[in-house]
Structure formats: structure tokens, C-alpha cells
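# Structural overview
Each chain, letter by letter, is given below.
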Amino acid sequence: MKRTKKAFTLIEIIVVSAISAVFITTVVMLLINFRKGYSKSEYSGILMQESALLIARIRTDLNNAVDKQIYSSENQLVFNAYNNTKGIVEPIVYSLEKTSQGHIITRKEGNEKARTIVKNNVASLTWQTKLDVYDTKPIPVKRLSIDFDILLEAPNVAEKNFRLKTSIFPARLNKQIN
Amino acid sequence: MNNKNGISLIEIIVATGLLAAVLAPVFLIFSSGNRNMEMTEAEFRAHNCAIEIMEQIISIPYKHIKSGSYTSSEVKNGLSFANSPILYKISENYDSELKIEDIKDSGKSIFKKIIVKISYQPTKNSAIKRSFTLKTMVANETN
């Protein structure tokens, strides 16, 4: 019997659809993974930016701090700093506040209105002022530092959070006390 | 005898293979965005670590800062150049190198140049290491 090849055989069509099914599944899975990864990395970028901004802000303020009394409590960080534009010493207050959407961090300088620095994403935050004295020769060295432990969490993407543990050593204040 | 009226199975398999080979790099480009974010985060942490070490050195009295080159373990110990221990937080996981140089004017040390180099892993599974360098100067304010 002679077969003229004018059309696909059933076997051929089955094989082709199997191959294309495998191929399409792979492509779709890749796309889904990409979308997931994108939203995750987008949020981790935002959270990283926010914590970097907060730390940089506090670091700059502490560089202008004039009084070695840095008061830190569970939800407030208060110190006196020199204001370059006004030419006076003003208290700077950072506070952790609870809102209906989540925790926020605000900054208040002197009599100005408190401004929000980190919005809603704060899961937990500790700031602790420390004064270490090292019994070195010939004179003991004192070191003032503020320990930070910040955990930021995206509102919807629960598995993605950003934790930053760091310490700030205000250089000018440390020069003063030594 | 084969009169070519349709596409043969071999042709389809070859075509699919070619298509996959072409599309693979395209999808790799998509996933690189994620990796870049990871790299940015690693660099941010290394930067923070460098600032942490630097701030501590700047904080101590000028005459306590000793010039020289120091390895990671010496930096962690701190006694050899700062006369007091260096406090570590995130810095613990990083390899650091520290160089302190004197800048002299007529035999007197007027500045100290501080160079902190942090080695870090850009992504979790990468074999290569990157480094981050931060430099600053401390002035001798005692005279």
C-alpha cells in the first residue's frame, strides 16, 4: 500500500502537541516566576530605600548634635542639634507612632510640624543609646553610640521584609566627650 | 519516496529547539532584575559596614589612632590601632581591610588618611567577591 503524504498523521500531531505543551508550560511558568520575583524585588527595593533614607537622616542630624544627652525610649529618640539655617540649637524628635495602617516614623525639628519619614511599613524598631568606657592607657576612651534594629515589612507581600541592624557613632559628640 | 507537502516531525523538533535557544537569553534578561536588586542590597550593607568602622575610628582621640595596615581579624580586635575594641553589629560577617596613613607637614602628623575596604558577596550563590572602599581624613585638632 502506498501512502501519499498530503496531511499530518495522528501520531505526528500528538507528538507536536506534546512538545508544544511542554514548551508553553515552561514559558508560562517562567513568566509567572518573573512576575512574582518582580513584585518581591520591587518591594525590597522600596524598603531598602526607606531604611537607607532614615539612617542617613538620623546620621546627618547626629553629626550636628551638640548636647551629649541623647534620650532614647521605646518610641522616641530626642537630642539637641545645631540648626544651620536658623543658627540656633533646637531639639530634634524622632518618634515611632501607631496609625490605623501601621507604624510610621516621624521627625520633628524645633517648633516645626512633624514630618513622616517612613510610612506604614515599620514592623519593629529599637534605638538604644549606649556609652561605653574603655579602660585604656593613658586615658580611658569613651564611646557614645546608638544601636538600631529596624524591621520593615511590605503590607501585602508578607514574606519579603528588610532588616537592618547598625550603629551610629556621632563623631563630633565623641570628640567632645574624650 | 518522500514528496514534501507538509512539515516533517524532525523539522518541527528542530524549529522548537531553535526557538527555545533564542528565547532562553530573553528570559535570563528578565530574571537579572531580581539579581541586581540583591546586589544593590549587598552593596548597601557593605557600605553601612564601612561607615560603621570609619565612624568609630574618627570618634577616638587623634593620638590613639595608630598608622599601619590591618587585616580583618585585627580590625575586629581593634586594640592594635584604636587602643580599644571596635564594636561590631552587621560588620561581623564581612571581611575588612584597614589602612591608616599619616600625612605629615614639617615632620608633624597633621592628617590621617583612613581607607576601609570591605569584601562582600554580591549574591548568595556567587563565587566571586566584590569590594567596597571608603576613604576619609581625620585632622589633628590638638594643636
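A brief report on the enclosed structure follows. Being a predicted model, the structure only gives us computed values, none of them experimental.

## A word on the packing of aromatic side chains
Applying the stated rule across the entire model yields three aromatic pairs over all chains. Here W127 of chain A and F148 of chain A contribute two aromatic rings whose centre-to-centre distance is 6.4 Å and whose plane-to-plane angle is 80 degrees, an arrangement assigned as edge-to-face. Placement of the pair is W127 of chain A in strand β5 (residues 115–134) and F148 of chain A in strand β6 (residues 141–153), with a sequence separation of 21 residues. An identical accessibility class is assigned to W127 of chain A and F148 of chain A; each is buried. Arranged with centres 6.1 Å apart and planes meeting at 40 degrees, the rings of F162 of chain A and F44 of chain B form a pair that is tilted. One end of the pair, F162 of chain A, is in strand β7 (residues 161–168); the other, F44 of chain B, is in helix α1 (residues 9–59), on a second chain. We note that F162 of chain A, like F44 of chain B, is buried. Residue placement shows R45 of chain B over the ring face of F162 of chain A; its charged tip is 4.7 Å from the ring centre. Geometry around Y62 of chain B places K112 of chain B over its ring, the cationic atom sitting 5.4 Å from the centre.

## Some points on the environment of L134 of chain B
Residue and element names in this part refer to chain B. Relative to the elements of secondary structure, L134 occurs in strand β4 (residues 130–139). As for L134 and I115, which are separated by 19 residues in sequence, their C-alpha atoms are 5.8 Å apart. Not counting residues up to four positions away in its chain, the partners in contact with L134 are H47, A50, I51, M54, I114, I115 and V116.

## Points about the layout of surface pockets
Approximately 750 Å³ is the volume attributed to the largest pocket. Around the largest pocket sit 24 residues that line it, and E38, E41, A42, R45 and K124 of chain B are the ones nearest its centre. Contributing elements (two or more residues each) for the lining of the largest pocket: α1 (10–63) and β7 of chain A together with α1 of chain B. A breakdown of the residues in the lining of the largest pocket according to their chemical character gives seven nonpolar, eight polar and nine charged.

Conventions we followed
Residues numbered from 1 in each chain as written. Chains lettered and ligands numbered in written order. Predicted model: local features only at pLDDT ≥ 70, side-chain atom pairs only at ≥ 80, totals over all residues. Heavy atoms only, no water. Phe/Tyr/Trp six-rings, centres within 6.5 Å; stacked < 30°, edge-to-face > 60°. Helix = DSSP H or I, 4+ residues; strand = E, 2+ residues; numbered from the N terminus. Buried < 20%, exposed > 50% of the residue type's maximum accessible area, 1.4 Å probe, protein only. Lys NZ or Arg CZ within 6 Å of the ring centre and 35° of its normal. Contact = heavy atoms within 4.5 Å. 1 Å grid on protein atoms, 1.4 Å probe; cavity = no way out; pocket = protein on both sides within 12 Å on 5 of 7 lines; lining within 4 Å. Points joined across faces, edges and corners; volume = space filled by probe spheres on them. Nonpolar A, V, L, I, M, F, W, Y, C, P; charged D, E, K, R; others polar.

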